[in-house]
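# Architecture at a glance
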Amino acid sequence: MCAKVELLTNTITKTFTMVNFISILSIFISGVLMMLSFVIPVTIKYGAQKARIFILALIFIPVIVINVISNGSFFHQLLEFLLLFGYIALIIAVVMFYLSYQLSVKFFEKKEY
């Protein structure tokens with residue numbers, strides 16, 4: 001059992017370098033920030049119920065459409081592109097999140113209670 005675990009960890013560490021880990025982490029953080037930059041202003045402007053519908057549409061509609069059109073090969077190309085430009089995506093996500101923050105503040109100031 002221990003030999004199998006060691007073989008598995010050796011295989012993972014040889015193919016999964018720290019550069020890959022940092023790139024994948026930056027892609028993940030970028031995705032989360034981009035998603036929040038869309039969801040937070042919608043939630044403030046329209047409320048939680050409509051924001052849930054927006055979240056589902058934001059996630060599932062593009063995934064289904066792209067999968068149907070490209071027969072699944074699109075995601076492999078997208079992953080290669082994101083691994084190349086993962087750090088740029090992080091900068092773009094931070095800028096989007098800042099713009100979303102500014103938009104949310106404006107929505108919040110106009111809101112009447």
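Residues numbered from 1 in each chain as written. Predicted model: local features only at pLDDT ≥ 70, side-chain atom pairs only at ≥ 80, totals over all residues. Heavy atoms only, no water.

## Remarks on the overall build of the protein
Within the protein, the regular secondary structure consists of five helices and zero strands. For the protein, with 113 residues in total, the buried portion stands at 15%. Taking the contacts inside the protein whose residues are at least 6 apart along the sequence as the reference set, 78% of them involve residues at least 24 apart. A total of about 9,000 Å² of accessible surface is found on the protein, and carbon and sulfur atoms cover 76% of it. (Helix = DSSP H or I, 4+ residues; strand = E, 2+ residues; numbered from the N terminus. Buried < 20%, exposed > 50% of the residue type's maximum accessible area, 1.4 Å probe, protein only. Contact = heavy atoms within 4.5 Å. Areas by Shrake-Rupley, 256 points an atom, 1.4 Å probe, with all protein chains shown as cover.)

## Re helix H3 (residues 48–70)
Taking 1.5 Å per residue as the helical rise, H3 with its 23 residues ought to reach 33 Å, and the 33 Å between its terminal C-alpha atoms agrees with that figure. The largest bend along H3 reaches roughly 25 degrees and is located at Ala57. Downstream of H3 by a residue or two, Asn71 has a phi angle that is positive, lying close to 60 degrees. (Expected span 1.5 Å × (residues − 1). Bend = angle between axes of the 7 residues up to and from the residue.)

## Re the side chain of Ser104
Note on placement: Ser104 falls in helix H5 (residues 86–110). Setting aside anything within four residues of it in sequence, one finds Ser104 in contact with Ile40, Pro41 and Ile44.

## Remarks on the confidence of the model for the protein
Scored by pLDDT, the protein has a mean of 78; 74% of the residues are at 70 or more. Per-element mean pLDDT across the protein ranges from 52 in helix H1 (residues 2–15) up to 89 in H5. (pLDDT = per-residue confidence, 0-100.)

## A closer look at the environment of Ile22
Note on placement: Ile22 falls in helix H2 (residues 18–46). In this structure, the C-alpha to C-alpha distance between Ile22 and Gly86, residues 64 residues apart in sequence, is 9.0 Å.

## Here we look at a nonpolar patch on the surface
Together, Phe21, Ile22, Leu25, Phe28, Ile29, Val32, Leu36, Ile40 and Tyr87 make up an exposed nonpolar region whose accessible area comes to about 750 Å². With eight residues, the top contributor of residues to the nonpolar patch is H2. The residue Leu36 is located in helix H2 in this model. (Patch = residues over 30% accessible without salt bridge, like charges linked within 9 Å, V, L, I, M, F, W, Y side chains within 5 Å. Salt bridge = Lys/Arg side-chain N within 4 Å of Asp/Glu carboxyl O.)

## Some remarks on the layout of surface pockets
In this structure, the largest pocket spans a volume of roughly 260 Å³. Along the walls of the largest pocket sit Phe28, Gly31, Val32, Met34, Met35, Phe38, Leu58, Ile59, Pro62 and Val63, which together make up its complete lining. Secondary structure elements with two or more residues in the lining of the largest pocket: H2 and H3. Ranked by residue count, the leading element in the lining of the largest pocket is H2, at six residues. (1 Å grid on protein atoms, 1.4 Å probe; cavity = no way out; pocket = protein on both sides within 12 Å on 5 of 7 lines; lining within 4 Å. Points joined across faces, edges and corners; volume = space filled by probe spheres on them.)

## Some points on H5
Here H5 is 25 residues long and its end C-alpha atoms lie 36 Å apart, about the 36 Å a rise of 1.5 Å per residue gives. Those residues of H5 that fall on the buried side of the exposure criterion are Gly86, Ala89, Ala93, Ser100 and Ser104.

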